[in-house]
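# Tertiary structure, described
Given next are the chains, with one letter for each unit.
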Amino acid sequence: MKILIVEDEIALQQSMLQYLSAAGFHCDHATHFREALQKLDEKDYDAVVLDIMLPDGDGLLLLKILKEDKKQEGVLVVSARGEVDDRIRGLKAGADDYLAKPFHMAELAARLQAIIRRRQFGGMQVLEAGDIKVDLDSREVWVHGRIVNLTRKEYDLLLFFLANKNRVISREALAEHLCEAHQDWFDDYDLLYAHIKNLKKKLAEQGCMDCIKSVYGIGYKFIC
Ligand code: CA
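Residues numbered from 1 in each chain as written. Predicted model: local features only at pLDDT ≥ 70, side-chain atom pairs only at ≥ 80, totals over all residues. Heavy atoms only, no water.

## Some remarks on the domain arrangement of the protein
- Assigned domains of the protein: these are domain 1 (2-121) and domain 2 (126-222).
- Taken together, the contact between domain 1 and domain 2 spans 13 residues of the former and 14 residues of the latter.
- Here domain 1 meets domain 2 over a buried area of about 1,200 Å², counting both sides, of which 48% is carbon and sulfur.
- Where domain 1 meets domain 2, there are zero salt bridges.
- Taken together, the connections running from domain 1 to domain 2 amount to three residue pairs in polar contact (both at pLDDT 80 or more).
- The leading source of residues in the side of domain 1 that touches domain 2 is helix H5 (residues 105-121), at four residues. (Domains from an automatic or database assignment. Contact = heavy atoms within 4.5 Å. Buried area = accessible area lost by both parts, 1.4 Å probe. Salt bridge = Lys/Arg side-chain N within 4 Å of Asp/Glu carboxyl O. Polar contact = N/O pair within 3.5 Å; in protein donor to acceptor, adjacent residues only side chain to side chain. Helix = DSSP H or I, 4+ residues; strand = E, 2+ residues; numbered from the N terminus.)

## Some remarks on unusual backbone geometry
- Between lysine 101 and the following residue, proline 102, the backbone shows a cis peptide bond with an omega angle of -5°.
- Relative to the assigned elements, proline 102 resides in the loop between strand S7 (97-100) and H5.
- Positive phi is not limited to glycine here, since lysine 70 has a value of about 55°.
- One non-glycine residue, histidine 144, lies in the positive phi region at around 50°.

## Some points on the coordination of the calcium ion
- Those donors, Asp8 (OD), Asp51 (OD) and Met53 (O), are the protein atoms that reach the calcium ion, and they lie 2.1 to 2.3 Å from it.
- As a motif over one chain, the donors of the calcium ion read D-x42-D-x1-M.
- Aspartate 51 sits in the buried class, given a relative accessible area of 3%.
- Relative accessible area serves as the criterion here: at 49%, methionine 53 is assigned to the partly exposed category. (Donors = N, O, S within 2.8 Å, 3.2 Å for Na, K, Ca; no water. Buried < 20%, exposed > 50% of the residue type's maximum accessible area, 1.4 Å probe, protein only.)

## Digging into the sheet that holds strand S14 (residues 219-222)
- The strand order across the open sheet built from three strands is S12-S14-S13, with neighbouring strands paired in antiparallel fashion. Lying at the two open borders of the sheet, with one neighbouring strand each, are strand S12 (168-170) and strand S13 (212-215). Strand-to-strand twist of the sheet, defined as the mean angle between neighbouring strand axes without regard to direction, takes the value 35°.
- As paired strands, S12 and S14 are joined by three bridges and run antiparallel to one another. Bridge pairing in S14 links valine 168 to lysine 221.
- Helix-sheet contacts for helix H7 (residues 171-178) involve S12 and S14, and the interaxial angle to S12 is about 65°. (Pairing = 2+ DSSP bridges. Axes fitted to C-alpha atoms, helices over the stretch in contact; angles between N-to-C directions.)

## Here we look at the pairing of S13
- Across four bridges, the pairing between S13 and S14 is antiparallel. Of the residues in S14, the one forming a bridge with isoleucine 212 is phenylalanine 222.
- Between the end of S13 and the start of S14, which pair antiparallel, lie three residues, with glycine 217 showing a positive phi angle near 80°.

Structure, rendered in structure tokens:
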């Protein structure tokens, strides 16, 4: 789950980064309006945490641009003013949710999870696909009722497959989904192949049907 944090209060930005990274999100950050716009132009995120008052622009204008460009990111607006007015303006502009500062980091993470779940999986907390069951809140995975211990990367891969069931996914898209800051992944897919191999192995060990199929020359397809 890739998140862009747009926040100009550095201490708050850093706390969000630390907390959300530890909670399993891949986080990018921007301090200025222009920087945020550039990152959103270059990359796709699952959700954006968007501060309204930025030094070089209004966060809600950024939201408007995202909507006009038909970008798919979920948007959680955060505002220092905490006034009803900001909340209404944010939601009217198409934000998925709103949080007034100060807020608890656990609350922020829960709201982001909910936004991403609504967008990707129609609001469900537990996903079932073939022999696999995933609890999106606890990040636990089961096969035939037995828990499968996945690394963060393996879990993210599995979720990406589940969000794109029965569709061919290019290895570029998979690598980009996992890459964080490791741009060199684009030239070398060995790491991606290793993660997929391990994921398949762990699922198979619990008796899971082989649902991650290679598509020659392109990438993979999750079939169930
Ligand atoms: Ca601000």
